[in-house]
Amino acid sequence: MAGHSKWANIKHRKGTTDARRGKLFTRLSKEIIVAARLGGGDPSGNPRLRIAIQNAKTANIPKDNIERAIKKGTGAEVENYQEVTYEGNFGPVGIFIEATTDNTTRTVANIRSYYNKIGGSLGTNGSLAFIFNRKGVFNFTLPSTISPDELELDLIDAGAEEVNIEDNLVTVITSFEDYGAMQKKLEDMQIEISEAALQRIPNVLVTLDNDTFQKAMKLIDLFEDDDDIQKVYHNIDVTEEQMELI
């Protein structure tokens, strides 16, 4: 897990445009649709849907939008989304893509076109297995009723691999296998989770010169702007100087 905290805080410093906000709404709505389709529309009996709804609320998605997404996942005309992953590289950089799409032919064609435009190549599934570990990541505000030390001990006892607390904001990392158990533990503690997800955490980081870094970011931007793509992971060890270039 070395380097995770730094990696987790890498954000693209872009303004909040309508297009970006719309993309976020689309991504979170798709997650609700898929969660409802797979586990039913009752969040009390569907942990994945419960987390998807909470993530949507945190992003200020209107209640009506959330309800429509649930209906799309459970209604007679269910949205036929598939969850697929793609692995590739840009030079020494590994890029792992998670997509939710109703047309995989379109999605993979778009991904190839972005590589052709900027550089890099699409690889085979499993090619990045040694670079990324799938982990559960939970974010929430430190409750006023519990001390940071006490919280950390409780969560480690419940299976947390890492607990980071900074400015009353808590990030908890678990193994893939302990994701559901940690979600239940936090709910039992009546902690309101602001965001939770299974993420791909890099365990091998690479450094780039500034020119290569900016090209890699252009490629990642293209992926992130695609409506079919939910999440993009990379293993770039970003310097403070490069953070200013984003």
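Above: the structure in question.
Given the structure is predicted, the values throughout are model-derived calculations rather than measurements.

Caption draft 1: Geometry of the packing of aromatic side chains. Scanning the entire structure with this criterion turns up 4 aromatic pairs. Ring geometry for F96 versus F132: centroids 6.0 Å apart, planes at 70 degrees, classification edge-to-face. Note that F96 is positioned in strand β2 (residues 93-101) and F132 in strand β4 (residues 132-141), a separation of 36 residues in sequence. Exposure remark for F132: the relative accessible area of 7% places this residue in the buried category.

Caption draft 2: View of unusual backbone geometry. The phi dihedral of D167 falls on the positive side, at around 55 degrees, and the residue is not glycine. For D167, the location among the structural elements is in the loop between β5 (162-166) and β6 (169-175). Assessed through its relative accessible area of 68%, D167 is described here as exposed. Phi at N168 is positive, roughly 65 degrees, even though this residue is not glycine. As for its position among the elements, N168 is in the loop between β5 and β6. The exposure class of N168 is partly exposed, given its relative accessible area of 47%.

Caption draft 3: Structural context of the sheet that holds strand β7 (residues 195-202). Spatially, the 4 strands line up as an open sheet ordered β5-β6-β4-β7, and their pairing is antiparallel. Each edge of the open sheet carries a strand with a single partner, namely β5 and β7. Sheet twist, expressed as the average angle between the axes of neighbouring strands with direction ignored, equals 25 degrees. The sheet contact formed by β5 and β6 spans 5 bridges and is antiparallel.

Parameters at a glance
- Residues numbered from 1 in each chain as written.
- Predicted model: local features only at pLDDT ≥ 70, side-chain atom pairs only at ≥ 80, totals over all residues.
- Heavy atoms only, no water.
- Phe/Tyr/Trp six-rings, centres within 6.5 Å; stacked < 30°, edge-to-face > 60°.
- Helix = DSSP H or I, 4+ residues; strand = E, 2+ residues; numbered from the N terminus.
- Buried < 20%, exposed > 50% of the residue type's maximum accessible area, 1.4 Å probe, protein only.
- Pairing = 2+ DSSP bridges.
- Axes fitted to C-alpha atoms, helices over the stretch in contact; angles between N-to-C directions.

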